[in-house]
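Observations on the model geometry
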Amino acid sequence: MSDTTLIRGGTIVTAEREWRGDVLIAGEKVAAVGEGLQAPAGAKVIEAGGAYVMPGGIDPHVHMELPFMGTVSVDDFLSGTACAAAGGTTMIIDFCIPAPQQSMLEAYKVWRERARKATADYSFHMAVTWWGEQVFNEMGTLCREHGVNSFKHFMAYKNAIMVDDATLIASFERARDLGAICMVHAENGDLVFRMQQEIFARGIHGPEGHPLSRGPEVEGEAANRACQIAGVVGVPLYVVHTSCRQAMDAIARAKLAGHRVFGESLVQHLVIDDSVYRNTDWRSAAHHVMSPPFRAPDHQQALWGGLQGGTIEVIGTDHCTFRTEQKAAGKSDFRKIPNGTGGLEERMSVLWHHGVGTGRITPCEFVAATSANAARIFNIHPRKGTIAVGSDADIVVWDPKATRTLGVKHHHSRNDFNIFEGMQVTGAAAVTLSRGTILWQDGKLQPREGRGQYIERPCFTDYARSQTVRNKHFAPTAVERQEFVP
Ligand code: URP
Ligand code: ZN
Ligand code: ZN
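Residues numbered from 1 in each chain as written. Chains lettered and ligands numbered in written order. Predicted model: local features only at pLDDT ≥ 70, side-chain atom pairs only at ≥ 80, totals over all residues. Heavy atoms only, no water.

1. Description of the overall build of the protein
Here is the rule we go by: Per the convention used, a helix needs a DSSP run of H or I reaching at least four residues, while a strand needs a run of E reaching at least two, with both numbered from the N terminus. The quantity called the radius of gyration is restricted to C-alpha atoms. Its globule counterpart is 2.2 Å times the number of residues to the power 0.38. Burial here depends on accessible area, computed with a 1.4 Å probe over protein chains only, as a share of the maximum for the residue type. Under 20% is buried, over 50% is exposed, and the range in between is partly exposed. Here a residue-residue contact requires only that any non-hydrogen atoms of the pair lie within 4.5 Å.
Helix and strand counts for the protein stand at 15 helices and 19 strands. A compact globule built from 486 residues would reach a C-alpha radius of gyration of about 23 Å, and the protein, at 22 Å, matches this within 12%. Principal-axis analysis of the C-alpha atoms gives the protein an extent of 70 × 60 × 40 Å. Taken across its 486 residues, the protein has 63% of its residues classed as buried. Long-range pairs, those at least 24 residues apart, make up 77% of the contacts in the protein between residues at least 6 apart in sequence.

Next comes the structure, spelled out in structure tokens:
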């Protein structure tokens, strides 16, 4: 079989521009981009007339086989990366989450083992779930030896993986000195805990209690706190799954103050509102239980505005799927419903349909939000996130006219529920190539277990330290400050 492929006659789109041209792939890399390229003898030819040729999607927020709330999410690295490919996504970044007191390096090994079956590429953020000298040291090892440049902090999930401000500050300082980026799940976990108790005591036990216990203020407070702490410490910050105006405002304020803060929203939050929790069908309502919860429609408008205006750089999914029998753990107590929804396969089509199809964003902005910005923020650009000579041939040939009805019957997830059930979308992946290998074509998956590669992401050099606020407050620190401050 030839290892050369020519994608002919499409409209190539990157985050910067779109133009008519051909893409020649040799082995795993893009070998040439131009007009009228000739297919070498024996090359495979993909006719892309009428289609867009875009960098494969990167979803930097997913959880495969995550042990969480007493169960394990059902999509694993094989089904998850297969779903991804069917939807035009060629790389995921998962979260390695050590149990409190567990070694990060030990957890990293466990996640690497789990991920060996992936059919497309993957990488890991590391969660900081406790603090101590071991964590301080292991953060350094992960950065230097394992290509982990991002550290996630859960400000919610009290009595489980939540961290307090002291841990946040210590970890932010360490990440800053390593040239890493910090991430936060921004909800005030103490407030959530208190509200959950109150709401449950009032006799509200069903899924409708979930959004009541974690309103937009709960998220806005935590987002603001994280942004301000990151600004004072002087570390870049990435706020995951921003779902409401209050959190968006906190991110926008921090950006305007010159802090290097990035906003992520989920495609689910853009198109689904909080009416789902008023559904009297328990199963449906429970399948929408995720954190932060779905919000009232005015928040969706704010998120679209944030995406259009640059407060939100990335649209991810937080793909974390639980089947009905798992959600049933919270049948009589909403606090026990495992939190999480899917979306990895649907992300690109839903964003295209509701974003590009409505004129809210351009195809270039679509590429930025689904691929290029994540590649830049997590330091794998231009290997990923663009179409250029030398880049990995992670490419989606996108049919802007293809229509799909989303739902369980058509998806490749192991979940028995789809929160987009019945949604009709126009715009879908016709062919998905992962480092030159076709994983999806003509509506058929061709997954190859174990061909996905772990992608190392080196730490940042200059830009992580170009913080105006930090420069005002601190003298520059050594790149590799080694002392541990308890
Ligand atoms: O509800 C959610 N989002 N579940 C996955 C874990 C997380 O908070 O990201
Ligand atoms: Zn989260
Ligand atoms: Zn998550």
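2. Description of the confidence of the model for the protein
For the record, the criterion: pLDDT gives the predictor's per-residue confidence on a scale running from 0 to 100.
Mean pLDDT over the protein: 95, with 95% of residues reaching 70 or higher. Every residue in residues 464–481 scores below 50 in pLDDT, and together they form 48 contacts with partners more than four places removed in sequence or on other chains.

3. Remarks on the site of ligand 1
For clarity, the threshold we go by: It suffices for a single heavy atom of a residue to lie within 4 Å of a molecule or strand for the residue to be listed as near it. For the purposes of these results, a polar contact is taken to be a pair of N or O atoms within 3.5 Å, where, inside protein, one atom must be able to donate a hydrogen and its partner to accept one; residues adjacent in sequence count only when each atom of the pair is a side-chain atom. Surface exposure here means Shrake-Rupley accessible area, sampled with a 1.4 Å probe, where a residue is shielded only by the protein chains that are shown.
Taken together, His61, His63, Phe154, Tyr157, His185, His241, Met290, Ser291, Asp318, Cys320, Asn339 and Gly340 form the complete shell of residues around ligand 1. Between an oxygen atom of ligand 1 and a side-chain N or O atom of Tyr157, the distance comes to 2.6 Å. In this structure, an oxygen atom belonging to ligand 1 sits 3.0 Å away from a side-chain N or O atom of His185. Its free accessible area being 260 Å², ligand 1 has 99% of it covered by the protein chains.

4. A short note on helix H3 (residues 133–146)
Which entries qualify depends on this criterion: Here, expected helix span is obtained from the residue count minus one, scaled by 1.5 Å.
Its 14 residues place the ends of H3 19 Å apart at the C-alpha level, agreeing with the 20 Å of an ideal helix rising 1.5 Å per residue. Among the residues of H3, those classed as buried are Val135, Phe136, Glu138, Met139, Gly140, Thr141, Leu142 and Cys143. Among the structural elements, helix H2 (104–115), strand S10 (121–127), strand S11 (150–154) and helix H4 (165–178) are those in contact with the buried residues of H3. Of the residues flanking the end of H3, it is Gly147, one or two places downstream, whose phi is positive at about 65°.

5. Some points on the coordination of the zinc ion (ligand 2)
Keep this limit in mind: A 2.8 Å cut-off from the metal defines N, O and S donors, relaxed to 3.2 Å for Na, K and Ca; water is not in the atom list, so some sites may appear incomplete. Under this scheme a four-donor centre is tetrahedral when all angles range from 85 to 135 degrees, a four-donor centre is square planar and a six-donor centre octahedral when opposite donors are above 155 degrees with the rest from 65 to 115, and any other centre is irregular.
At this site the zinc ion (ligand 2) is bound by His185 (ND1) and His241 (NE2), with donor distances of 2.1 Å. Considering all four donor atoms around the zinc ion (ligand 2), angles at the metal cover 56 to 147° and the coordination shape is irregular. The metal-metal distance between the zinc ion (ligand 2) and the zinc ion (ligand 3) is 3.7 Å. In this pair, His185 is assigned in strand S12 (residues 181–185) and His241 in the loop between strand S13 (237–239) and helix H8 (245–256), connecting sequence segments 56 residues apart. Assessed through its relative accessible area of 2%, His241 is described here as buried.

6. Let's talk about the coordination of the zinc ion (ligand 3)
Coordination of the zinc ion (ligand 3) by the protein involves His61 (NE2), His63 (NE2) and Asp318 (OD), with metal-donor separations of 2.0 to 2.2 Å. In the primary sequence, the donor residues of the zinc ion (ligand 3) line up as H-x1-H-x254-D.

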